[in-house]
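Coordinate analysis (summary)
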Amino acid sequence: MTQHVTAVATQPIAGQKPGTSGLRKKTPVFMGRHYLENFIQSIFDVIGCRDENGKGKTFVLGGDGRYFNDRAAQVILRMAAANGAGRVIVGQGAILSTPAASHLIRLNKTDGGIIMSASHNPGGPHEDWGVKFNMANGGPAPEAKTEAMYQRTLEISEYRILEAQDVDLTRIGRQDLGGMIVDVVDPVADYAALMESLFDFAAIRAMFAGGFRMRMDGMCAVTGPYATEILENRLGAAPGTVVNKVPLPDFGGMHPDPNPTWAQALMDEMFADAAPDFGAASDGDGDRNMVVGAGIYVSPSDSLAVLAANAHLAPGYKAGLKGIARSMPTSAAADRVADALGIGKYETPTGWKFFGNLLDAGKATICGEESFGTGSDHVREKDGLWAVLLWLNILAVRKQSVAEILAEHWAKYGRNYYSRHDFEAIDAAKAEAMMQALRQALPALRGRKFDGMRVSTADDFAYTDPVDGSVSVKQGVRVLFQDGSRIVYRLSGTGTEGATLRVYLERYAAGPDGLDLDAQAALTPVIRAAHDMAEIAAHTGRTTPDVIT
Ligand code: G1P
Ligand code: ZN
């Protein structure tokens, strides 16, 4: 085999530092000379393509179908072969949703996988591309690994690639690539079987047969084929339930981020007369979800709390939950459920990778982020369709509407009004300066009053992993008020242009009164305080957010 391998001389390229979820750049950047190759070689150098006995490792490869994935897949396969990997399992057409990739990594007991996706960022020749490595547990590489990959990109001098023709990724079955096995698999089948093992498909099927109507927006991204197979073919949802169901290289020009701003057509339908009973959308790579009832939006933080409180209604979780984990900026609604259930609760930094240890150690069963991410220990990624199916299972068992379920939940636990305001494409230096000023002001904030609300504590969130003791600092500035309200500020780690400031706003209402306000109205004083405290306008020139979720 070695005679076909070329060692290509290269030089370090600046800026190949993975962010919250892998390396993301504008597509033309990744298509630039040696850019993809340098990063993939750095991954392989850190992970190793052979085990200690010299045996070639097995990896999974797939992605969300975005522009450039097809060509990148061929490069990655040739480089895997050249670096000595023994076998790569690839989704047909290089397609694998992120949760399906995580499942395949685990199911086949592989050594990890490479996922080609920039998640919810738009795709296309002038939009975004991304790639990340997941470990043998199916979860994103931890910071120590991504940092090592980055360090490797700074010293790389050559990469190895096989001279060979393209693998036929349209054909399911086994092929040879310079001595490495390439198994092209159906991207949907194993994932669908996993879902069938977790949820009461008979009950959900009966609900659809009884006239339950749903709209699922695939946003022209990877979820379409999965949702069509599971919802329409296996669960009997009416044909046409899934819309925008064919993954397109540019996502049909859509911004495949399932939130009220970018999934507006779905929101309009769910708030119209004769709305379906249930609506949902997923993102570019299928790990995010938004759920909507007829005339009612479910915030992701509330969704996590409701799913946790009702998970035992699904067969896969009937033994109960071991614990609930949420990212720090996610509302505390899930904590109240954990307290009521008498199980552990965990608050982690933003990013799914921080849940991996808790799931592996059996400390948490369900995890969630306010950024439309929910999942469980069935894989090591968040999982959009999983959340949708758990909701369907709960609806089928409780035989109530989404609105009724939310009202009962708030009546029992109180309501954490919640919203996130994003200020996008800010000048990076200005955003950093604002965060810096805020950090310096933290000690002086304590005890200060904003709009009648007094600050009780203010800090920069640091996290010590309870499993391996690793410490992550500077994970977001949080300001807590005596009345339980909270503001969190952090800069996005997934953007590719300037900086995105995220301001997370929360206010708790114990009830029984005041549980059905509009979230933005309920949060008005907290929003004002957030602007005053950080002097957002003075630093960034912005007075109104670009996206409100
Ligand atoms: C965003 C979300 C975060 C999520 C990540 C990957 O990261 O806020 O919760 O884990 O995307 O989907 P951010 O851009 O805020 O760093
Ligand atoms: Zn995603």
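Reference entry: report on the structure contained in this document. Quick caveat: nothing in here was measured; it's all calculated off a predicted structure. (Residues numbered from 1 in each chain as written. Chains lettered and ligands numbered in written order. Predicted model: local features only at pLDDT ≥ 70, side-chain atom pairs only at ≥ 80, totals over all residues. Heavy atoms only, no water.)

Regarding the layout of surface pockets
A volume near 1,100 Å³ is recorded for the largest pocket. As for the largest pocket, its lining consists of 38 residues, and the residues nearest its centre are Gly19, Thr20, Leu491, Ser492 and Gly493. Where the lining of the largest pocket is concerned, the elements lending two or more residues are strand S2 (23-26), helix H5 (143-153), helix H15 (428-445), strand S23 (471-472), strand S25 (486-491) and strand S26 (499-509). Per-element accounting of the lining of the largest pocket gives the leading share, 5 residues, to H15. A class-by-class count of the residues in the lining of the largest pocket yields 9 nonpolar, 18 polar and 11 charged. The volume enclosed by the second largest pocket comes to roughly 520 Å³. Along its surface, the second largest pocket is lined by 27 residues, and Tyr297, Arg415, Leu517, Asp518 and Ala519 are the ones closest to its centre. Taken together, the elements giving at least two residues each to the lining of the second largest pocket come down to strand S14 (296-297), helix H10 (300-310), helix H14 (402-413), strand S19 (415-426) and helix H16 (519-522). With 5 residues, S19 is the largest single contributor of residues to the lining of the second largest pocket. Classifying every residue of the lining of the second largest pocket gives 17 nonpolar, 5 polar and 5 charged. (1 Å grid on protein atoms, 1.4 Å probe; cavity = no way out; pocket = protein on both sides within 12 Å on 5 of 7 lines; lining within 4 Å. Points joined across faces, edges and corners; volume = space filled by probe spheres on them. Helix = DSSP H or I, 4+ residues; strand = E, 2+ residues; numbered from the N terminus. Nonpolar A, V, L, I, M, F, W, Y, C, P; charged D, E, K, R; others polar.)

Here's the deal with the side chain of Asp422
Mapped onto the elements of the fold, Asp422 is located in strand S19. Note on Asp422: relative accessible area 3%, which makes it buried. Beyond its immediate sequence surroundings of up to four residues, Asp422 is in contact with Thr500, Leu501, Arg502, Pro545, Asp546 and Val547. (Buried < 20%, exposed > 50% of the residue type's maximum accessible area, 1.4 Å probe, protein only. Contact = heavy atoms within 4.5 Å.)

A closer look at helix H3 (residues 69-82)
Under the 1.5 Å per step criterion, the end-to-end length of H3 is 20 Å for 14 residues, consistent within 8% with the ideal 20 Å. Among the 14 residues in H3, 12 count as buried, and that is most of the element. Here H3 has its buried residues at Asn69, Ala72, Ala73, Gln74, Val75, Ile76, Leu77, Arg78, Met79, Ala80, Ala81 and Ala82. Where H3 terminates, the next one or two residues include Gly84, which has phi positive at roughly 100 degrees. (Expected span 1.5 Å × (residues − 1).)

Comments concerning the nonpolar core
By size, the foremost hydrophobic cluster in this structure holds 104 residues, and its most contacted members are Phe199, Trp386, Leu392 and Tyr489. Per-element tally for this core: the top contributor is helix H13 (residues 384-398), with 11 residues. The residues contacting Phe199, other than those within four sequence positions of it, are Ile204, Ala314, Pro315, Tyr317, Trp386, Leu389, Leu390 and Asn393. Formed by 45 residues, the second largest nonpolar core is a distinct cluster that contains Leu23, Phe39, Ala73 and Val90. (Core = buried A, V, L, I, M, F, W, Y, C linked by side-chain atoms within 4.5 Å.)

Some thoughts on the coordination of the zinc ion (ligand 2)
The protein atoms that coordinate the zinc ion (ligand 2) are Ser119 (OG), Asp283 (OD), Asp285 (OD) and Asp287 (OD), at distances spanning 2.0 to 2.1 Å. Classification of the site at the zinc ion (ligand 2) rests on its 4 donor atoms, whose angles at the metal span 85 to 163 degrees, yielding the label irregular. Mapped onto the sequence, the residues coordinating the zinc ion (ligand 2) show the spacing S-x163-D-x1-D-x1-D. On the basis of relative accessibility, which here comes to 0%, the residue Asp283 falls in the buried class. (Donors = N, O, S within 2.8 Å, 3.2 Å for Na, K, Ca; no water. Tetrahedral: all angles 85-135°; square planar, octahedral: opposite > 155°, others 65-115°.)

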